[in-house]
Amino acid sequence: MNRPEKRVLVGMSGGIDSTATCLMLKEQGYEIVGLTMWVWGDEPVEARQLADSMGIEHHVADEREAFRKVIVQNFIDEYCQGRTPNPCVMCNPTFKFRILTEWADKLDCAFISTGHYSRLEEKNGNIYIVAGDDDKKDQSYFLWRLGQDVLKRCLFPLGTYTKLQVRKYLREKGYQLKAEEGESMEVCFIKGDYRDFLREHSPEIDREIGPGWFVNSEGVKLGEHKGFPYYTIGQRKGLEIALGKPAYVLKINPQKNTVMLGDAKQLQTEYMLAEQDNIIDEQEFFSALDLTVRVRYRSKPIPCTVKRLEDGRLFVHFLSEASAIAPGQSAVFYIGRRVVGGSFIASQRGIGLVIAENK
Ligand SMILES: Nc1ncnc2c1ncn2[C@@H]1O[C@H](COP(=O)(O)OP(=O)(O)OP(=O)(O)O)[C@@H](O)[C@H]1O
């Protein structure tokens, strides 16, 4: 298809980052079209008003039903299998960027853009996601599942900015109130604690799973818990059990509805298995000597080596301390600041847990 090369579809949430994205791209000479996906809550009126104030074409895609069925249900299902989901990682390829691409085709836009803090880099004919320059805001972790066909149409103008600079930019452009807004929620459909969300949207958890036992690594019962979906690996606060020393969630067993507790040392892991990977250049990846992995959004990159097992999964060996590895979270691999692959954590084994299998 012959698309106007300067027409770009921007995912407009109505927040700080996508507003700045529209203004920056407009300044760079692009013709902007805004698309707001209505996925949750009230009608996105603010995004439309912002688009009007910027004088740009704007569309709303009512995706509430599909979002509930696909992204929210997956979030609930993951907790009900004793895993810790990354809804943004699920949403980006299967929902957000897919819808943006479909609408971009429909609206004759060559490019798509979002306010993610990440950059793009081309190397040996491949396009790579690169960490945004603002370490505190970098969102490269969430984008590892995007395919080359999508990446080659993406523009991420905020990748070279810090959040402070973005706020300053908005003030300078006359968007004073927007510039002062607080940080948005980490998961767009959850206000506050995910456990309250589960209680409200999945009452079956209390009805069908109900309370179970906290156990130690020998399987000894320590006390009652509220139901395994309400706990995550590495959790320390809110356990409501007094053991006379700090206790962490080490492991969740959904079959037995048990939550294993132990000390910080037992949370450490030597290796993990990961699955459903997306590795951009296998030759570079498996021969890299400077590979690191982030095991959750806020984790530091941990040096590692990776092998592919016969069953197709990745065997990741940590070369320095790794702790609280939670199945369901993404393992995102970097060389320097460049995302060279990603996968979902399937299971972990390690120092404290070798003895604890199947307890
Ligand atoms: N409902 C939506 N409709 C269209 N695009 C969206 C929507 N929500 C988020 N996006 C796009 O995805 C980007 C990243 O969203 P995310 O919620 O992770 O970050 P954010 O910091 O809250 O962004 P913002 O400040 O723009 O709300 C946004 O900047 C925007 O471009």
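Reading the values: the criteria
- Residues numbered from 1 in each chain as written.
- Predicted model: local features only at pLDDT ≥ 70, side-chain atom pairs only at ≥ 80, totals over all residues.
- Heavy atoms only, no water.
- Axes fitted to C-alpha atoms, helices over the stretch in contact; angles between N-to-C directions.
- Helix = DSSP H or I, 4+ residues; strand = E, 2+ residues; numbered from the N terminus.
- Left-handed = near helix turned anticlockwise from the far one by under 90°.
- Contact = heavy atoms within 4.5 Å.
- Nonpolar A, V, L, I, M, F, W, Y, C, P; charged D, E, K, R; others polar.
- UniProt positions renumbered as here; feature names shortened; annotations may be inferred.
- 1 Å grid on protein atoms, 1.4 Å probe; cavity = no way out; pocket = protein on both sides within 12 Å on 5 of 7 lines; lining within 4 Å.
- Polar contact = N/O pair within 3.5 Å; in protein donor to acceptor, adjacent residues only side chain to side chain.
- pLDDT = per-residue confidence, 0-100.
- Domains from an automatic or database assignment.
- Buried area = accessible area lost by both parts, 1.4 Å probe.
- Salt bridge = Lys/Arg side-chain N within 4 Å of Asp/Glu carboxyl O.

A.B. asks: Whenever I open this one, the packing of helix H3 (residues 64-80) against helix H4 (residues 87-106) confuses me. Can you help?
C.D. replies: What describes two packed helices is the angle between their axes and the distance between those same axes. Relative to each other, H3 and H4 sit at 145°, their axes nearing to 9 Å. In this structure, the crossing between H3 and H4 has a hand that is right-handed. Along its contact with H3, which presents Ala66, Phe67, Ile71, Asn74 and Phe75, the element H4 presents Pro87, Met90, Cys91, Thr94 and Phe95. In terms of residue class, the contact of H3 with H4 is made up of eight nonpolar, two polar and no charged.

A.B. asks: Help me understand the UniProt feature "site: Interaction with tRNA" (unreviewed entry) in the chain, please; the structure alone is not making it clear to me.
C.D. replies: Within this structure's numbering, the places UniProt gives as "site: Interaction with tRNA" (unreviewed entry) are His116 and Gln329. Lining the second largest pocket, out of the annotated residues just given, are Gln329. Among the secondary structure elements, His116 is positioned in the loop between strand E4 (111-113) and strand E5 (118-123). For His116, the contacting residues outside a window of four places in its chain are Asn92, Lys96, Phe97, Gln139, Leu143, Phe156, Leu158 and Gly159. Here the side chain of His116 touches Thr114 through a polar contact of 2.7 Å, side chain to side chain. Along the polypeptide, Gln329 turns up in the loop between strand E15 (314-323) and strand E16 (330-335). Setting aside residues no more than four positions away along its own chain, Gln329 makes contact with Thr84, Pro85, Asn86, Tyr141, Val295, Arg296, Ser343, Phe344 and Ile345.

A.B. asks: Explanation requested: the environment of Gly342 in the structure shown.
C.D. replies: Turning to its location among the elements, Gly342 is positioned in strand E17 (residues 338-349). Separated by 92 residues in the primary sequence, Gly342 and Leu250 have C-alpha atoms spaced 24 Å apart. Not counting chain neighbours up to four residues away, the residues in contact with Gly342 comprise Trp144, Gln276, Asp277, Asn278, Ala331, Val332 and Phe333.

A.B. asks: Explain the confidence of the model for the chain to me, please; I cannot follow it from the model alone.
C.D. replies: Close reading of the predicted structure is inappropriate where its pLDDT is low. Predicted confidence across the chain gives a mean pLDDT of 94, with 96% of residues reaching 70 or more. Contacts for the low-pLDDT stretch residues 351-359, under 50 throughout, to residues beyond four places or in other chains number 25 contacts.

A.B. asks: How should I be thinking about the domain arrangement of the chain in this particular structure?
C.D. replies: Interface extent is often summarised as the accessible area lost during association of the parts. Structurally, the chain comprises domain 1 (7-179), domain 2 (210-262) and domain 3 (266-356). The C-alpha-based centres of domain 2 and domain 3 are spaced at 25 Å. Counting each side, the surface lost to burial between domain 2 and domain 3 is near 760 Å², with a carbon and sulfur contribution of 69%. Among the residues domain 2 hides against domain 3, the three largest losses belong to Ser217, Ile233 and Leu250. Together they make up 62% of the total. The tally of links between domain 2 and domain 3 comes to zero salt bridges. Our enumeration of links across domain 2 and domain 3 arrives at one residue pair in polar contact (both at pLDDT 80 or more). Contributions of two or more residues to the side of domain 2 that touches domain 3 are made by strand E10 (248-253) and strand E11 (258-262). Residues belonging to the side of domain 2 that touches domain 3 are distributed by class as follows: five nonpolar, three polar and two charged.

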